[in-house]
Amino acid sequence: MTLRLYDTATRSVRDFVPREAGKVGVYLCGLTLQAPPHIGHLRSGVNYDVLRRWLVAGGFEVTFIRNVTDIDDKILVKAMEQDRPFWSIAYANEQLLAASYRALNVLPPTYEPRATGHVPEMQELIARLIETGHAYPATDGSGDVYFDVASWPAYGSLSGQSPADMQSAGDAPDRGKRDPRDFALWKGAKPDEPADAYWPSPWGRGRPGWHIECSAMCWRYLGAEFDIHGGGLDLTFPHHENEIAQSQAADLPFARYWVHHGLLGIGGTKMGKSLGNTLDLDYVASLGVRPVELRYYYVAAHYRSRIDYSEDALREAAVAYRRVEGFVQRAVERVGAGRPGDLPAGFTAAMDDDLNTSAALAVLHEVVRDGNTALTTGDDVTVRTTLAAVRAMLDILGVDPLDPAWTGGGRTDDLRGVVDSLIALALEQRAQARSRKDWTAADAVRDQLKQAGVVVEDTPQGPRWTIGEQD
């Protein structure tokens, strides 16, 4: 099979054909940095990381751009509330976001541009739109510049909306607009906003509107036309609709495929800072769930499906992952780690079918069952081949327990080395207690380790320990 992706623009699953053979350009709308990231934000990074890994596995050279928005109305509001420079808030949250992505084994993008670093490109696009009659400076003295929605007949095609049914864009007062639906490309400096939140421009001091940022950064790093534009379903309108209109009106063909992921909600509503219902990685850790298990929780659902968060579902995903992890650990003890091998045909077919990770995981668990049977019967040849296949599948999904991202760089890591030594000492004391038939002392060592989060399992090869709950 060839890769097929659901394209929002055509509302259909289409064969993926890149603009240039062997190369793929991907742009993912990143986070607006007014607040720290929550687990709803992080689903996006994981979903498109899986897409990127699958494209690379298919032999493509992938240029992956994921921006951050570090100048925006919401950030400026936070700056005034906290009496801090807007860029200080944005940078602090950018660092938290980067750390969260590292914790989830999300590969770094090829480039991660900031909006504030691309104001010249934005101004160039705005000037082009004014010249061609698709944009106009406001006449109310505000210094704003607006896109003329009525000048673009295709407006609304991505989201399937009719301009006649649309309400005001709501991003600036209507008094300076020809039409309430027109949206801001440039926002003139306002006296009640931070004094440093502006750039000089032909239309006066000001800052870019939200939508023009992504068009400019796509153009700068991927060219006039590129392959895949990604983001959450909530960005389809108005953000992505506006990106298409302003880019194509500026004579940029723009994205060939629009790939949107479903949202992660809680209690039937969207997870958001404004609603006060967000959960972060620290909260997940407090439940005893590791980042690798959270990542498994994300990939267990199809990327286009909505996830309604529940603690029970998260714990179930963690238990399911630990079963897979347990097989890998037992198989490695038996035959060595080896290398990831060939992908099963069923897994490949599932991933090519619009990244159907749910079906792909069903194949994974079937192979793990075969591997556990081989371990029981002592069939080392099958153990070795199933381990290689399992590791290949886990690598695509980013959850291979032998990946240095999860092992801290391997057992040479200083802290892991200390932990290994301490646990080895405790297990030696337990072994000595067992040898003299002091079962009370042996059980006490095991129980103390369990309280510390270390589970000991006795195997024919000797005691084996893991971090987390025993299945």
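All figures in this text were calculated on a predicted structure; none of them were measured in a lab. (Residues numbered from 1 in each chain as written. Predicted model: local features only at pLDDT ≥ 70, side-chain atom pairs only at ≥ 80, totals over all residues. Heavy atoms only, no water.)

1. Focus: the pairing of strand S10 (residues 254-261)
Right, on to step 1. Counting buried residues in S10 gives seven out of eight residues, a clear majority hidden from the surface.
Right, on to step 2. Here seven bridges tie strand S9 (residues 225-232) to S10, and the two strands are oriented parallel to one another. Each bridged residue has a counterpart across the sheet, and for Glu-225 the counterpart in S10 is Phe-254.
Right, on to step 3. After leaving S9, the chain enters helix H6 (residues 236-249) and then returns to the sheet as S10, a path that is right-handed. (Buried < 20%, exposed > 50% of the residue type's maximum accessible area, 1.4 Å probe, protein only. Helix = DSSP H or I, 4+ residues; strand = E, 2+ residues; numbered from the N terminus. Pairing = 2+ DSSP bridges. Right-handed = clockwise from strand over helix to strand, strands pointing away.)

2. Quick word on the pattern of salt bridges
Right, on to step 1. With the rule as written, the count across this model stands at 29 salt bridges.
Right, on to step 2. With a closest N to O distance of 2.9 Å, Arg-304 and Asp-354 form a salt bridge. Taken together, the residues Arg-304 in the loop between helix H8 (291-299) and strand S13 (307-309) and Asp-354 in the loop between helix H10 (345-352) and helix H11 (357-377) connect sequence positions 50 residues apart.
Right, on to step 3. Between Arg-446 and Asp-447 there is a salt bridge, and its shortest N-O distance comes to 3.4 Å.
Right, on to step 4. For Arg-446, a relative accessible area of 31% puts it in the partly exposed group.
Right, on to step 5. Overall, the relative accessible area of 35% leaves Asp-447 in the partly exposed class.
Right, on to step 6. If you follow the salt bridges from partner to partner, you end up with Asp-73, Lys-187, Glu-193 and Arg-207 in one network. (Salt bridge = Lys/Arg side-chain N within 4 Å of Asp/Glu carboxyl O.)

3. A few points about the packing of H8 against helix H9 (residues 311-335)
Helix-helix packing is described using two parameters, namely the angle between the two axes and the distance between the axes.
Right, on to step 1. The N-to-C vectors of H8 and H9 enclose an angle of 105°; their axes lie 8 Å apart at closest approach. For the element pair H8 / H9, the angle class is roughly perpendicular. Across from Val-292, Glu-293, Leu-294, Tyr-296 and Tyr-297 in H8, the residues of H9 making contact are Ala-313, Leu-314, Ala-317, Ala-318, Ala-320, Tyr-321 and Arg-322.
Right, on to step 2. Among the residues forming the contact of H8 with H9, the class breakdown is 10 nonpolar, no polar and two charged. (Axes fitted to C-alpha atoms, helices over the stretch in contact; angles between N-to-C directions. Parallel < 35°, antiparallel > 145°, perpendicular 65-115°, else oblique. Contact = heavy atoms within 4.5 Å. Nonpolar A, V, L, I, M, F, W, Y, C, P; charged D, E, K, R; others polar.)

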